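Survey of secondary and tertiary structure
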Amino acid sequence: MGHLCKDSGVGALIYEDRLPRTDELIEAAQALGRDPLGWILNGGEDYVLLAGIRREMLDGITAAMKAQGCELHPIGEFVEGSGIVVRRSDGSEVTVATGGWDHFR
């Protein structure tokens, strides 16, 4: 996300409650007294692909992916400005460091 935002000159708003997560992730975080959000955003493991899709194309692409047995998780939106903000379930907002893995470094 950080690379997409920086290269496109935009910011992003991510909704915490839309992020895909597994029961195992939540259980592990609870057992270790950690916030799973940090792992989801910066855990370093690729477990889903990220794509930017125009809003008017989202329904069609979602249906086409579902027909192929794939599931999309719309997690947020690109916004004017810079930086990445996560809107937590309680309505508070957290700014996220815009790093990301550089596969070519």
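A short tour of the structure in this document, coming up. (Residues numbered from 1 in each chain as written. Predicted model: local features only at pLDDT ≥ 70, side-chain atom pairs only at ≥ 80, totals over all residues. Heavy atoms only, no water.)

Considerations on the sheet that holds strand 3 (residues 84-87)
The strand order 2-1-3-4 describes an open sheet built from 4 strands, whose pairing is mixed. The open sheet has two free edges, formed respectively by strand 2 (76-79) and strand 4 (93-96), since each of these has just one partner strand. Shown here is a sheet whose adjacent strand axes are inclined to one another by a mean of 25 degrees, direction ignored. (Pairing = 2+ DSSP bridges. Helix = DSSP H or I, 4+ residues; strand = E, 2+ residues; numbered from the N terminus. Axes fitted to C-alpha atoms, helices over the stretch in contact; angles between N-to-C directions.)

Re the environment of Met65
Residue placement: Met65 occurs in helix 4 (residues 58-67). Other than its neighbours up to four places away in sequence, Met65 contacts Cys70 and Leu72. (Contact = heavy atoms within 4.5 Å.)

Remarks on the pairing of strand 4
Looking at chain direction, strand 3 and strand 4 are connected through 4 bridges and run antiparallel. Paired with Ile84 across the two strands is Val96, which belongs to strand 4. From the end of strand 3 to the start of strand 4, which pair antiparallel, there are 5 residues, and Gly91 there has a positive phi angle of about 95 degrees.

A word on the pattern of salt bridges
Using the criterion set out here, one finds 5 salt bridges in the structure. For the salt bridge of Glu77 with Arg55, the shortest nitrogen-to-oxygen distance reads 3.6 Å. Residue Glu77 is located in strand 2, and its partner Arg55 is located in the loop between helix 3 (36-42) and helix 4; the two are separated by 22 residues in the primary sequence. Taking the shortest distance from any N to any O, the salt bridge between Arg87 and Glu93 comes out at 2.6 Å. Its relative accessible area of 31% is what places Arg87 among the partly exposed residues. (Salt bridge = Lys/Arg side-chain N within 4 Å of Asp/Glu carboxyl O. Buried < 20%, exposed > 50% of the residue type's maximum accessible area, 1.4 Å probe, protein only.)

Structural notes on a nonpolar patch on the surface
On the surface, a nonpolar cluster with roughly 250 Å² of combined accessible area is contributed by Leu4, Leu50 and Phe78. Of note, Leu4 is situated in helix 1 (residues 2-8). (Patch = residues over 30% accessible without salt bridge, like charges linked within 9 Å, V, L, I, M, F, W, Y side chains within 5 Å. Areas by Shrake-Rupley, 256 points an atom, 1.4 Å probe, with all protein chains shown as cover.)

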